[in-house]
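Here are the chains, one letter per residue:
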Amino acid sequence: MTTDAGLPSVRESLHLALLAEPEGSSLVDELTEAAADHYHLNYSKHPVPVLIREVRAARTLLARLLSPGTEGTELHSQVGRLSGRLGNLRAVP
(Lines give C-alpha, C1' and ligand atoms only; values in the text may rest on other atoms or scores of the structure.)
Protein backbone atom coordinates (compact mmCIF):
# COMPACT_ATOMS: atom_id res chain seq x y z
CA MET A 1 0.00 0.00 0.00
CA THR A 2 1.06 3.54 -0.62
CA THR A 3 0.66 6.44 1.71
CA ASP A 4 -2.55 8.42 1.60
CA ALA A 5 -0.62 11.70 1.25
CA GLY A 6 -1.56 12.17 -2.41
CA LEU A 7 -5.28 11.58 -2.05
CA PRO A 8 -6.20 14.99 -0.62
CA SER A 9 -4.84 16.64 -3.77
CA VAL A 10 -7.65 15.07 -5.81
CA ARG A 11 -10.30 16.53 -3.50
CA GLU A 12 -8.46 19.86 -3.27
CA SER A 13 -8.40 20.16 -7.07
CA LEU A 14 -12.16 19.68 -7.16
CA HIS A 15 -12.59 22.21 -4.37
CA LEU A 16 -10.48 24.81 -6.20
CA ALA A 17 -12.40 24.26 -9.43
CA LEU A 18 -15.68 24.73 -7.57
CA LEU A 19 -14.41 27.94 -6.00
CA ALA A 20 -13.64 29.26 -9.49
CA GLU A 21 -16.84 27.88 -11.05
CA PRO A 22 -19.43 27.51 -8.25
CA GLU A 23 -22.19 26.58 -10.69
CA GLY A 24 -20.04 23.94 -12.38
CA SER A 25 -18.35 23.95 -15.77
CA SER A 26 -16.64 21.69 -18.24
CA LEU A 27 -13.51 21.97 -16.06
CA VAL A 28 -15.46 20.68 -13.05
CA ASP A 29 -16.84 17.86 -15.21
CA GLU A 30 -13.35 16.92 -16.40
CA LEU A 31 -11.89 17.00 -12.89
CA THR A 32 -14.78 14.94 -11.57
CA GLU A 33 -14.18 12.31 -14.22
CA ALA A 34 -10.44 12.35 -13.47
CA ALA A 35 -11.15 11.96 -9.74
CA ALA A 36 -13.50 9.02 -10.32
CA ASP A 37 -10.88 7.41 -12.58
CA HIS A 38 -8.14 8.00 -10.02
CA TYR A 39 -10.13 6.44 -7.21
CA HIS A 40 -11.03 3.51 -9.46
CA LEU A 41 -7.50 2.84 -10.67
CA ASN A 42 -5.74 3.34 -7.35
CA TYR A 43 -8.19 2.00 -4.79
CA SER A 44 -6.00 -1.00 -3.93
CA LYS A 45 -3.03 1.24 -3.13
CA HIS A 46 -4.63 3.07 -0.21
CA PRO A 47 -6.09 2.02 3.14
CA VAL A 48 -9.82 1.54 2.71
CA PRO A 49 -10.88 3.95 5.52
CA VAL A 50 -8.76 6.73 4.03
CA LEU A 51 -10.12 6.17 0.55
CA ILE A 52 -13.70 6.09 1.84
CA ARG A 53 -13.13 9.44 3.56
CA GLU A 54 -11.67 11.03 0.41
CA VAL A 55 -14.28 9.67 -2.01
CA ARG A 56 -17.07 10.77 0.33
CA ALA A 57 -15.56 14.27 0.65
CA ALA A 58 -15.26 14.62 -3.14
CA ARG A 59 -18.82 13.40 -3.66
CA THR A 60 -20.11 15.82 -1.02
CA LEU A 61 -18.38 18.75 -2.76
CA LEU A 62 -20.02 17.84 -6.05
CA ALA A 63 -23.47 16.85 -4.78
CA ARG A 64 -24.45 20.46 -4.21
CA LEU A 65 -24.31 21.03 -7.98
CA LEU A 66 -26.91 18.36 -8.64
CA SER A 67 -30.51 19.35 -9.02
CA PRO A 68 -33.57 17.60 -10.41
CA GLY A 69 -32.86 19.11 -13.85
CA THR A 70 -29.38 17.63 -14.04
CA GLU A 71 -30.31 13.98 -14.51
CA GLY A 72 -28.39 12.39 -17.33
CA THR A 73 -25.58 14.94 -17.33
CA GLU A 74 -21.91 14.01 -17.24
CA LEU A 75 -21.64 15.39 -13.70
CA HIS A 76 -24.55 13.26 -12.57
CA SER A 77 -22.90 10.20 -14.08
CA GLN A 78 -19.55 10.88 -12.39
CA VAL A 79 -21.15 11.52 -8.99
CA GLY A 80 -22.91 8.19 -9.50
CA ARG A 81 -19.53 6.56 -10.14
CA LEU A 82 -18.23 8.03 -6.88
CA SER A 83 -21.27 6.66 -5.07
CA GLY A 84 -20.65 3.26 -6.62
CA ARG A 85 -17.03 3.38 -5.52
CA LEU A 86 -18.17 4.10 -1.96
CA GLY A 87 -20.49 1.10 -2.09
CA ASN A 88 -17.67 -1.12 -3.32
CA LEU A 89 -15.29 0.16 -0.65
CA ARG A 90 -17.77 -0.47 2.13
CA ALA A 91 -18.10 -4.06 0.94
CA VAL A 92 -14.34 -4.61 1.44
CA PRO A 93 -13.72 -6.54 4.68
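As the structure is a computational prediction, the values presented were derived from the model and not from experiment.

Enquirer: What's the story with the pattern of salt bridges in this structure? I'm lost.
Expert: Opposite charge on two side chains permits them to pair, given that their charged atoms come into close proximity. Going through the model one piece at a time under the given rule, you end up with three salt bridges. Its salt-bridge partner being E54, residue R11 comes within 2.8 Å of it at the nearest N-O pair. Of this pair, R11 sits in helix α1 (residues 7-20) while E54 sits in helix α3 (residues 48-63), placing them 43 residues apart in sequence. Given the relative accessible area of 3%, E54 is considered buried. When salt bridges with common partners are traced through the structure, they connect R11, R53 and E54 into a single cluster.

Enquirer: When you look at the packing of α1 against helix α2 (residues 26-42) in this model, what are you seeing that I'm missing?
Expert: The description of two packed helices rests on the angle between their axes and on the distance between the axes. Contact geometry of α1 with α2 gives a least axis separation of 9 Å together with a crossing angle of 165 degrees. As summarised for this structure, α1 and α2 are arranged roughly antiparallel, according to the angle between their axes. Read as a crossing pair, α1 and α2 show a hand that is left-handed. From α1, L7, V10, R11, S13, L14, A17 and L18 reach across to α2, where they touch L27, V28, L31, T32, A35, H38 and Y39. A per-class count over the contact of α1 with α2 returns ten nonpolar, three polar and one charged.

Enquirer: What am I meant to see in the packing of α2 against helix α4 (residues 74-90) here?
Expert: Running from N to C, α2 and α4 point in directions that differ by 20 degrees, and their axes come no closer than 9 Å. In terms of axis orientation, α2 runs roughly parallel to α4. Seen along the crossing, α2 lies across α4 with a hand that is left-handed. Every residue of α4 that contacts α2 at D29, T32, E33, A36, D37, Y39 and H40 is listed here: E74, L75, Q78, R81, L82 and R85. In the contact of α2 with α4, the residues fall into four nonpolar, three polar and six charged.

Enquirer: Just to check I follow, could you spell out the side chain of R85 for this structure?
Expert: For R85, the position within the fold is in helix α4. Buried charged residue R85 carries no salt bridge. Nearest counter-charge: D37, at 8.5 Å. A distance of 2.4 Å separates a polar atom in the side chain of R85 from a polar atom in the side chain of H40. In contact with R85, other than residues within four places in its own chain, are Y39, H40, Y43 and V55.

Here is what the cut-offs are and how they apply
Residues numbered from 1 in each chain as written. Predicted model: local features only at pLDDT ≥ 70, side-chain atom pairs only at ≥ 80, totals over all residues. Heavy atoms only, no water. Salt bridge = Lys/Arg side-chain N within 4 Å of Asp/Glu carboxyl O. Helix = DSSP H or I, 4+ residues; strand = E, 2+ residues; numbered from the N terminus. Buried < 20%, exposed > 50% of the residue type's maximum accessible area, 1.4 Å probe, protein only. Axes fitted to C-alpha atoms, helices over the stretch in contact; angles between N-to-C directions. Parallel < 35°, antiparallel > 145°, perpendicular 65-115°, else oblique. Left-handed = near helix turned anticlockwise from the far one by under 90°. Contact = heavy atoms within 4.5 Å. Nonpolar A, V, L, I, M, F, W, Y, C, P; charged D, E, K, R; others polar. Lys, Arg positive; Asp, Glu negative; His and termini not counted. Polar contact = N/O pair within 3.5 Å; in protein donor to acceptor, adjacent residues only side chain to side chain.

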